[in-house]
Amino acid sequence: MSSRELAIAGRVISDGSDAYVIAEIGHNHEGDLDKAEELVLKAAAAGASAAKLQKRDNTSLYTKAMYDEPYTGRNSYGATYGAHREALEFGHHEYTHLAKVAGEAGIDFISTAFDFASVDFLVGIGVPAIKLASADLTNTPLLSYAAKTGLPLIMSSGGADMTDVRRALDVVLPINSNVAMLQCTAIYPVSAADLNLSVIGTYRREFPHVVVGFSGHDLGPDLSYVAYALGARVVEKHFTLDRTRPGSDHHFSLEPEQLGELVAGLRRTRESLGLGEKRQLPAEAPALRKLGKKLVAARDLDTGHVLTEDDIAIKSPGGDGMRPYLLGQVVGRTLRAPLAFDADLSPDLLD
């Protein structure tokens, strides 16, 4: 691949492409397969590129003490943390069903792997890419293991410093160059003041062959447009059917209408950026004629007259004739023919 490209399921993400928009369902399905299916379908309808879940092998991922820790409150789906996590965990049946639903709807189906067993699980399901969470950016054994699958990797960098980011890419890139690094702030939700979107530019300068993105826990879609303008080409936002539902992620997630706004707004942002070449557009011609200016005769002038500044006026319309910046090249020249008041000056009239 050429510089700074990421290929997922035949789609190439690059500086010139639209954003690859990930609708992060996470566990906003609340353990309900029907709700998860609705989320996938609505993500596809909104124009997202991918719908994403999170995969954990809970019994091996947590210490027994944490697994058995009491977990109560509005966001709990079980009496202990382990029971809560298991209530939200999907297995082979749910994943294969949702992958089929996503494929039929024309949207990629991916997931975050939180441990080695989950990497194996996702490879077995046939996902086109694997996400690695911010908290695992320092988990170099897991990063290496995921990189060896050969699947595209999308890594978030919340809570990290540049040493952590460099270390992670130093581990992954020699194994697998099909990688994206996402700027992220591990606050839920995060204020605009803590997004640090300028890091996107830092990543782009330091890692010229890595696609850069933004994983946003901010409220609403608007600042994702800024991220795209700064160079983010993967944009991940949490997604829900109802922000008022119990659960740790619902309250800062986008609902379907907002997800549609995000996709459309990112496309408008790409269109508005253009190609970086300053040029006159054909559609600007009417305004340039009406508002632009040209050099004309300030009074009736005879053949053989030597032009002075007092002989020349700068007037609209300006779609034709000699531009005002040519004034210095006209003063002191001799007229080959008479020139009436308000008539255009032109090079063929001058000696």
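Residues numbered from 1 in each chain as written. Predicted model: local features only at pLDDT ≥ 70, side-chain atom pairs only at ≥ 80, totals over all residues. Heavy atoms only, no water.

- Going by what an unreviewed UniProt entry lists, the chain is known as N-acetylneuraminate synthase/sialic acid synthase and is assigned to Nonomuraea endophytica.

### Comments concerning the sheet that holds strand β6 (residues 130-132)
Thought 1: In spatial order, the strands read β3-β4-β5-β6-β7-β8-β9-β10; together these eight strands close into a barrel with parallel pairing. Each adjacent strand pair in this sheet contributes to an overall mean axis angle of 25°, direction not counted.
Thought 2: Note that strand β3 (residues 20-26) and strand β10 (residues 234-238) share five bridges and pair parallel. By the bridge assignment, A23 is partnered in β10 with K237.
Thought 3: The strands touched by helix α8 (residues 162-172) within the sheet are β7 (153-156) and β8 (179-184), with β8 carrying the most contacts at an inclination of about 165°. (Pairing = 2+ DSSP bridges. Helix = DSSP H or I, 4+ residues; strand = E, 2+ residues; numbered from the N terminus. Axes fitted to C-alpha atoms, helices over the stretch in contact; angles between N-to-C directions. Contact = heavy atoms within 4.5 Å.)

### Digging into unusual backbone geometry
Thought 1: Along the chain, Y188 connects to P189 via a cis peptide bond; the corresponding omega equals 0°.
Thought 2: Mapped onto the elements, P189 comes out in the loop between β8 and α9 (199-206).
Thought 3: One non-glycine residue with positive phi stands out, namely R4, at about 55°.
Thought 4: If you trace the backbone, R4 turns up in the segment before β1 (5-8).
Thought 5: Note on R4: relative accessible area 8%, which makes it buried.
Thought 6: The phi torsion at N196 lies on the positive side, around 50°, for a residue other than glycine.
Thought 7: Note that N196 resides in the loop between β8 and α9.
Thought 8: Look at N196 and you get partly exposed, because its relative accessible area is 47%. (Buried < 20%, exposed > 50% of the residue type's maximum accessible area, 1.4 Å probe, protein only.)

### Topic: the layout of surface pockets
Thought 1: Of the pockets and cavities examined, the largest pocket occupies roughly 670 Å³.
Thought 2: For the largest pocket, the lining is made up of 37 residues, of which Q54, R56, F114, Y188 and D249 are closest to its centre.
Thought 3: Within the residue set of the lining of the largest pocket, elements represented by two or more residues are β4 (50-55), α4 (81-88) and β10.
Thought 4: Ranked by the residues each element gives to the lining of the largest pocket, the list is headed by α4, at four residues.
Thought 5: When its residues are assigned to classes, the lining of the largest pocket shows 14 nonpolar, 14 polar and nine charged. (1 Å grid on protein atoms, 1.4 Å probe; cavity = no way out; pocket = protein on both sides within 12 Å on 5 of 7 lines; lining within 4 Å. Points joined across faces, edges and corners; volume = space filled by probe spheres on them. Nonpolar A, V, L, I, M, F, W, Y, C, P; charged D, E, K, R; others polar.)

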